[in-house]
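# Secondary and tertiary structure notes
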Amino acid sequence: MALPDFHAELTRRREAGLLRETRSLTPLSATTVAHCDRVLTVFCSNDYLGLAGDPRLGEALASPAVAGSGAAHLISGHRPEHEQLEAALCEFLERDSALFFSTGYMANVGVIDALAGRGDTVVQDRLNHASLIDGGRMSGARLRRYAHASVERAAAVVNAASGGTLLATDGVFSMDGDTAPLAGLAQVAADAGATLMVDDAHGIGVEGPDGRGSVAAAGLGQSQVPVLVGTLGKAFGVFGAFVAGPAALVDYLKQTARTWIYTTAPPPGIAAACALAVDLAHREGWRREHLADLVGRFREGASRRGIPLMSSSGPIQPVPVGEARRALAVSRALEDRGYLVTAIRPPTVPRGTARLRVTLSAAHRRDQVDGLLEALERVL
Ligand SMILES: *Cc1c(COP(=O)(O)O)cnc(C)c1O
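Residues numbered from 1 in each chain as written. Predicted model: local features only at pLDDT ≥ 70, side-chain atom pairs only at ≥ 80, totals over all residues. Heavy atoms only, no water.

This part covers the packing of helix α14 (residues 324–336) against helix α15 (residues 366–379). Where α14 meets α15, the closest approach of the two axes is 10 Å, and the angle between their N-to-C directions is 130 degrees. When the axes of α14 and α15 are compared, the pair comes out oblique. For the pair α14 and α15, the crossing hand works out as right-handed. Of the residues in α15, those in contact with V330, A333 and L334 of α14 are A375, L376 and V379. Here the residues of the contact of α14 with α15 sort into 6 nonpolar, no polar and no charged. (Axes fitted to C-alpha atoms, helices over the stretch in contact; angles between N-to-C directions. Helix = DSSP H or I, 4+ residues; strand = E, 2+ residues; numbered from the N terminus. Parallel < 35°, antiparallel > 145°, perpendicular 65-115°, else oblique. Left-handed = near helix turned anticlockwise from the far one by under 90°. Contact = heavy atoms within 4.5 Å. Nonpolar A, V, L, I, M, F, W, Y, C, P; charged D, E, K, R; others polar.)

Below, the structure is given as structure tokens:
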């Protein structure tokens, strides 16, 4: 059998408005980039707290004497910086133990594959991030999905599951910005003896008391949500991810999570910068206050101008536009006006639900948000 006809497939995608392309963007400030002689204000990064460009993190990144760790954690690559980051995460999130992974994608795949296997069931929200779905597939367990954010549907699926059951959900959904019904899901898991795993990639640092995330915001802790995944490349502005939970869980993952065992430990500078970012995110509460002010301003301004919104109260504020080609056209028109908001198209989101995923950051100023609203109104 021949491989796909690459040329024909690329043409098909281009004609359907589905071709994906990278662009080289040179940062000019915390919220602007240069692209082809143009200056664009960015409204689609996940740098929610505005930490990515913080010079203190740049210094921490360059602080270790060596660039690379040289080996996997269990060989000779584990460093004091890795330990310090894991300790900082435990303290911030009020968890017994934490494990630093290279990326959130690897954390989710590694954890689900380690915890579930043939004969078990992995139950997931239909809109969960691709890495959770891929982890479920790789594990060899039965993969069952339920209607988005429905506790009732989740309960039905969990109660019909066989073998050990892992119930996994995004905390804040990455493409919609809404929050999972965590208290209800925790009850479902408790009633069925299932284990609840929350991937709070977009909630940690932003939601809940002191930015402890959507699990803390729901009044839940380690006993109800033993498996908590978070990323360090979004609100924390650096790179990497972690799993935090009971000590025995983390010790077990060190024996079994293949995406942690069989890979080079991240550079110690990354861990040092992440540890500082956790501290800054915790202490600099003004970042969350300013962000909440901008979110309110954006939503209020959008509804006044008749710009459609989705039901999100956080920094992810998608503007639904429907068809992929229209999303692309709107995104290009915004770019002509100096705003970068990437179109999110299938298969990342279901067909017919393409959108502009507008995201706000503590690094934005009010007048930048006002400018985006005006451009959106004109373009739509
Ligand atoms: C971004 C994201 C990930 C992947 O994290 P990376 O560190 O970027 O690999 C995992 N889960 C969710 C919900 C995400 O949004």
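Moving on to the site of the ligand. In the vicinity of the ligand there are 14 residues, among which G104, Y105, D199, H202 and K234 approach most closely. A distance of 2.7 Å is found between an oxygen atom of the ligand and a backbone nitrogen or oxygen belonging to G104. Coverage of the ligand by the protein amounts to 82% of the 380 Å² it exposes when considered alone. Among the elements that make up the shell around the ligand, the one with the highest residue count is helix α5 (residues 104–115) (3 residues). Of the residues assigned to the shell around the ligand, the class counts are 2 nonpolar, 9 polar and 3 charged. (Near = heavy atom within 4 Å. Polar contact = N/O pair within 3.5 Å; in protein donor to acceptor, adjacent residues only side chain to side chain. Areas by Shrake-Rupley, 256 points an atom, 1.4 Å probe, with all protein chains shown as cover.)

For the rest of this paragraph, the subject is the nonpolar core. Side chains of nonpolar character tend, in soluble globular proteins, to be buried together. Grouped together as the largest cluster of nonpolar side chains are 78 residues, with contacts concentrated most on L85, L167, L232 and F298. Here the element with the most residues in this core is helix α12 (residues 268–283); it accounts for 9 residues. Formed jointly, this core draws a minimum of three residues from each of two domains, domain 1 (21–49 + 285–379) and domain 2 (55–283). When residues no more than four places from it in sequence are discounted, the contact partners of L167 are V123, Y146, V158, L185, V188, A189, T195, L196 and M197. (Core = buried A, V, L, I, M, F, W, Y, C linked by side-chain atoms within 4.5 Å. Buried < 20%, exposed > 50% of the residue type's maximum accessible area, 1.4 Å probe, protein only. Domains from an automatic or database assignment.)

A word on the sheet that holds strand β11 (residues 316–322). Strand order in the open sheet formed by 3 strands is β11-β14-β13, and the pairing between neighbours is antiparallel. In this open sheet, the two edge strands, each paired with only one partner strand, are β11 and β13 (343–344). (Pairing = 2+ DSSP bridges.)

What follows covers the pairing of β11. For β11, a buried count of 6 out of 7 residues is recorded, marking the element as mostly surrounded by other parts of the structure. Of the pairings in the sheet, the one linking β11 to strand β14 (residues 354–359) comprises 6 bridges and is antiparallel in character. In the strand pairing of β14, I316 is matched with T359.

Turning next to unusual backbone geometry. Excluding glycine, residues mostly have negative phi values, and the peptide bonds linking residues are mostly trans. The amide bond that connects P346 to the next residue, P347, takes the cis arrangement and shows omega of 5 degrees. Tracing the sequence through the fold places P347 in the loop between β13 and β14. Of note in this structure, E94 is not a glycine but carries a positive phi near 55 degrees. Judged by relative accessible area, which is 58%, E94 ranks as exposed. Non-glycine residue D210 carries a positive phi angle of around 55 degrees. One can find D210 in the loop between β8 (195–199) and α9 (214–217).

Moving on, we come to the pairing of strand β10 (residues 241–245). Counting buried positions along β10 yields 5 of 5 residues, so the element is predominantly enclosed. The alternating pattern of β10 places A241, V243 and G245 and F242 and A244 on opposite faces, both of which are buried. Where strand β9 (residues 227–231) lies against β10, 4 bridges are found, and the strand directions are antiparallel. What sits directly across from T231, in β10, is A241.

Moving on: the packing of helix α13 (residues 286–305) against α15. Between α13 and α15, whose axes approach to 10 Å, the crossing angle comes to 25 degrees. In this view, α13 runs roughly parallel relative to α15, as classed from their interaxial angle. Seen along the crossing, α13 lies across α15 with a hand that is right-handed. Residue-level inspection shows D293, L294, R297, F298, G301, A302 and R305 of α13 in contact with α15, the latter providing R366, V369, D370, L372, L373, E374, L376 and E377.

In this section: the environment of R79. Locating R79 in the fold gives a position in the loop between α3 (73–77) and α4 (80–93). Given the relative accessible area of 23%, R79 is considered partly exposed. In this structure, the C-alpha to C-alpha distance between R79 and R288, residues 209 residues apart in sequence, is 31 Å. Here R79 is in contact with S69 and P268, once residues within four sequence places are set aside.

Across the sheet, which stays open at both edges, the 7 strands sit in the order β4-β10-β9-β8-β7-β5-β6 with mixed pairing between neighbours. The sheet is open, and its two borders are formed by β4 (97–101) and β6 (142–146), each paired with just one other strand. Adjacent strand axes in the sheet meet at a mean angle of 20 degrees, parallel and antiparallel pairs treated alike. As judged from the 5 bridges shared by β4 and β10, these two strands associate in the antiparallel manner. Note on β10: the bridge partner recorded for S97 is G245. In this fold helix α10 (residues 247–256) packs onto β4, β9 and β10, with an angle of close to 30 degrees to the strand it touches most, β4.

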